[in-house]
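Descriptive analysis of the structure
Residue strings, one per chain:
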Amino acid sequence: MIHRRLLAAASIAASLAAPVALPTLAHEGHEHGDAPKPVVATATPTMETSSSDFELVVVAQGRTLLVHLDRFATNEPVTGATIEVSADGEAITASPVPGEEGVYRLDAGWLAKPGPHELTVSITAAEGADLLIGTLEVPAEAQLAGPVGGQGMSAILGRVRGDSGLMLGAAMVFLLGVLTTLALTQRGRARTVAGAALIGFGLLIASGAAFAHGGEDHSHGDEAKDKTPGAAVPAAIAGVPDSPRRLPDGSLYVPKPSQRLLSVRTTVAKTQQAAQTVQLIGQIIADPNGGGHVQATQSGRIEPGEKGLPYVGQRVEAGQILATITPAVNVVDRSGIQQQIATVEQELVIAESRVQRLRQLQGSVPQRDIDEAEANLNGLRKRRAALSPTLTTKEALRAPIAGVVTANNVKAGQVIEGRDQVLFEIVDPSRLMVEAVAFDPRVANAIKAATATTADGTSLSLELLGSSLALRQQAIPLLFRITNPPAGLGVGQPVRLVAQVQGTASGIVLPRHSVVRSAGGQPIVWQHESPQRFVARPVRTQPVDGGTVLVLAGIEPEARIVTDGAGLLNQVR
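Residues numbered from 1 in each chain as written. Predicted model: local features only at pLDDT ≥ 70, side-chain atom pairs only at ≥ 80, totals over all residues. Heavy atoms only, no water.

A word on the overall build of the protein
Quick reminder of the rule: The numbering of helices and of strands both runs from the N terminus, where a helix is a DSSP run of H or I of at least 4 residues and a strand a run of E of at least 2. We call a residue buried when its accessible area falls under 20% of the maximum for its residue type, exposed when it is over 50%, and partly exposed in between, using a 1.4 Å probe and counting protein chains only. Contacts are residue-level and defined by heavy atoms, with any inter-residue pair within 4.5 Å sufficient. Surface accessibility in these figures is a Shrake-Rupley result with a 1.4 Å probe; residues are shielded only by whichever protein chains are displayed.
Scanning the protein from N- to C-terminus turns up 10 helices and 32 strands. Each of the 573 residues in the protein was classed as buried or not, and the buried ones make up 34%. In the protein, once contacts between residues fewer than 6 apart in sequence are set aside, the share between residues at least 24 apart is 69%. Just so you have it, the protein exposes about 32700 Å², and 55% of that area is on carbon and sulfur atoms.

In structure tokens form, the structure reads like this:
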């Protein structure tokens, strides 16, 4: 009977101890419900720090330390520098990585020790010398434990055996269960003693749990706020690759190796004064004195010249024969001309005979008759000379100016009719103009200088020639001469003009390609917020010339703005 009661007591004690012991075991993982999830550092702990001259990113890979060194203002890699890293009382000089600009490597034994390491980096380069200090956090090898619900009983028992505190707590809880069973099953004095012992052990366990829990650190929120420059930066949450990506706040995380591949360059924003400008739309036209049309004066059949028909893009010289035209004469006209030629030749034979006869009778006939006969003979000869080429003479089509053939509207053997048909167009590429329109008369009278930009980004320097006095579709035509036109321009090509007018504006001058469009179409620039973080800044701009813009609002002076690579950064998702 006693053995049965003890067995029942043990069973009840175990059943009572289990709900209490399991939360005790689970408490080691600190599951507090609202507490933030732990961030597990990746295999490449990172330290970022910078000064007014240099920007430094240190990456630990096993026992190797990679140092990325750039110029702070331009983000250009610094090559040929001497870098010495001191940590834990040990100073090591880094060596350049072959084939990698601005990357240096060193091996350090202290990287095998987990925990924070204070780094002092001494830099000596052609740009100057500097000393940078920061903290590199090397994480422990062990991973954080998962929830208890995902482990077996053997794992729980193993943890209890490995932790003396957990073993003592489990024994006390088991004894508490035994006393509870005795208090419920015994009677009289034994029940009273068991109840008193039960209350005493309960208070002891409660005070011990509270004491053990009081030594824990619950400053989850304050630690995240206490960050100093040069502290280690968690590269990513566990499982997320160390690659360019967009962060939840919309900024970009771009590691230094990726910045090198994208050729990201920056500039420090400075406030400047620039002229007020307006934008106009125009197109390239040919100079009236630098362009020409080739037309025929008669109908006929096209025949190639000595060098063949010219092709589009071929350069020709002034007076060069481009093609010939054989006159087109129908059968009726041809027979009439031949009949006239035959009549003239018949009269010519008679006139020659008469002249010869009169010359033989010279002295016996008046000289006047001889002169009239010779004049008649000369007239018939001229008539025959005028009629003969009508069927055989070809018209030569010559280039009116030296330039490039921009249009060829004929083929060999083609029959042309009329004088209004343009056969060839020739343009001198060194003499081109831009025609634009302005809807505000004040703009036309206030232009001081202008530049134009083609669709492919080619910048053109313009010289204002004048404006028309006659409106064209309620707009004023403006004419500009292109100074030193570059190769590849075409007549009719659209351009965007930026005309400087009176007045100035204050802002930050940036290259045009540094301003990109966000997903919503808003103009933005990318600000280099920290060594590996970029933030999009909406801006309001006005053009300065074909290659630069003036940022009127959106960024502050001394901010580092991306100039090269902004378009590639804008594609990171």
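Examining the environment of R260
Here R260 is to be found in helix α6 (residues 256-262). Residues R260 and E100, 160 residues apart in the sequence, show an inter-C-alpha distance of 9.1 Å.

Some words on the nonpolar core
We count it as follows: Among buried residues, the Ala, Val, Leu, Ile, Met, Phe, Trp, Tyr and Cys ones that are joined through side-chain atoms within 4.5 Å form a nonpolar core.
Core analysis: the biggest nonpolar cluster contains 27 residues, and L65, L69, I83 and L119 have the highest contact counts within it. Elements with a contribution of two residues or more to this core: β2 (54-61), β3 (64-71), β4 (82-87), β5 (90-96), β6 (103-107), β7 (115-125) and β8 (128-138). Every residue in contact with L119, bar those within four places of it in the chain, is listed here: M47, V58, L65, V85, S86, A87, W110, L132, I133, G134 and L136. By size, the runner-up hydrophobic cluster in this structure holds 22 residues, among which are V443, I447, A450 and F480.

Re helix α8 (residues 367-387)
Applicable threshold: Here, expected helix span is obtained from the residue count minus one, scaled by 1.5 Å. Working definition: the arc comes from the directions between the helix axis and the C-beta atoms, pointing outward to the latter.
Between the first and last C-alpha of α8 there are 31 Å, a value that for 21 residues agrees with the 30 Å anticipated at 1.5 Å per step. I370, A373, L377, L380 and L387 are the residues of α8 that are buried. Projected onto a plane normal to the axis of α8, the buried residues spread over an arc of 120° and lie on a single side. Opposite the buried face of α8, by more than 90 degrees, sit the exposed residues R368, K382 and A386.

Considerations on the sheet that holds strand β18 (residues 395-398)
The strands making up a sheet are joined through hydrogen bonds of the backbone, oriented either antiparallel or parallel. Let me state the cut-off plainly: Note on pairing: two strands pair once DSSP finds at least 2 bridges between them.
In spatial order, the strands read β18-β17-β15-β20; together these 4 strands make up an open sheet with antiparallel pairing. In this open sheet, the two edge strands, each paired with only one partner strand, are β18 and β20 (415-416). Relative to β20, strand β15 (residues 300-304) runs antiparallel, the two sharing 2 bridges. Each residue of the ladder has a partner; that of R301, found in β20, is V415.

Section: the confidence of the model for the protein
Short version of the rule: You can read pLDDT as the predictor saying how much it trusts each residue, on a scale of 0 to 100.
Predicted confidence across the protein gives a mean pLDDT of 79, with 73% of residues reaching 70 or more. Per-residue pLDDT, averaged within each element of the protein, yields its smallest value for helix α5 (residues 220-225) (39) and its largest for strand β12 (residues 265-268) (96). Predicted confidence is poor over residues 142-152, with pLDDT under 50, and the contacts of this stretch with residues over four places away or in other chains come to 9 contacts. Low pLDDT (under 50) marks residues 206-241, which in the prediction has 40 contacts with non-local residues, meaning those over four places away or in another chain.

A few points about the packing of aromatic side chains
Rules: Each Phe, Tyr or Trp ring, with Trp reduced to its six-membered ring, pairs with another whose centre is within 6.5 Å; inter-plane angles below 30 degrees give stacked pairs, above 60 give edge-to-face pairs, and intermediate values give tilted ones. Here, over-ring charges are defined by two tests on the NZ atom of lysine or the CZ atom of arginine: distance to the ring centre within 6 Å, and angle to the ring normal within 35 degrees.
Counted by the stated rule, this structure contains 0 aromatic pairs. The aromatic ring of F72 is capped on one face by R560, whose charged end is 4.0 Å from the ring centroid.

Looking at unusual backbone geometry
Notably, Q474 is not glycine yet its phi reads approximately 65°, a positive angle. Its location among the elements puts Q474 in the loop between β24 (459-467) and β25 (476-483). With a phi close to 75°, E558 is a non-glycine residue in the positive phi region. Following the sequence through the fold, E558 ends up in the loop between β31 (548-553) and β32 (560-564). Taking relative accessible area as the criterion, E558 reaches 53% and is therefore assigned exposed.

Things to note about the pairing of β6
Across a regular strand the side chains alternate sides, sitting on one face of the sheet and then on the other. Bridging between β3 and β6 involves 5 bridges; their strand directions are antiparallel. Opposite L66, over in β6, you have R105 as the bridge partner. By the bridge criterion, 2 bridges tie β5 to β6 in an arrangement that is antiparallel. The residue of β6 that forms the bridge with S95 is R105. Remark: 6 residues form the turn of the hairpin made by β5 and β6, two consecutive strands paired antiparallel; G99 in that turn has positive phi of roughly 80°.

A look at the side chain of T266
Inclusion rule: Any N or O atom pair separated by 3.5 Å or less is treated as a polar contact, with the protein-specific requirement of one donor-capable and one acceptor-capable atom, and with residues adjacent in sequence counted only for side-chain atom pairs.
Relative to the elements of secondary structure, T266 occurs in strand β12. With a relative accessible area of 4%, T266 lands in the buried category. Separated by 2.6 Å, the side chain of T266 and the backbone oxygen of A73 make a polar contact. In contact with T266, other than residues within four places in its own chain, are F72, A73, T74, N75, H528, I561, V562 and T563.

Considering the environment of R359
Following the sequence through the fold, R359 ends up in helix α7 (residues 331-360). Take R359: its relative accessible area is 47%, and that puts it in the partly exposed class. Once the C-alpha coordinates of R359 and A373 are considered, the two residues, 14 residues apart in sequence, prove to be 9.8 Å apart. Excluding its chain neighbours within four sequence positions, the residues that come into contact with R359 are I370 and E374. Within the structure, the side chain of R359 is placed 2.7 Å from the side chain of E374, a separation counted as a polar contact.

Some words on the pairing of β8
Two strands pair when backbone bridges link them, and β7 and β8 are joined in this way by 11 bridges, in the antiparallel orientation. The partner of G115 across the bridge, within β8, is V138. Taking the residues between adjacent antiparallel strands as the criterion, β7 and β8 are bridged by 2 residues.

Topic: the sheet that holds strand β16 (residues 315-316)
In spatial order, the strands read β14-β21-β19-β16; together these 4 strands make up an open sheet with antiparallel pairing. Of all strands in the sheet, those bounded by a partner on one side alone are β14 (291-295) and β16. Two strands pair when backbone bridges link them, and β16 and strand β19 (residues 403-408) are joined in this way by 2 bridges, in the antiparallel orientation. Counterpart to V316 in the pairing with β19 is G403.

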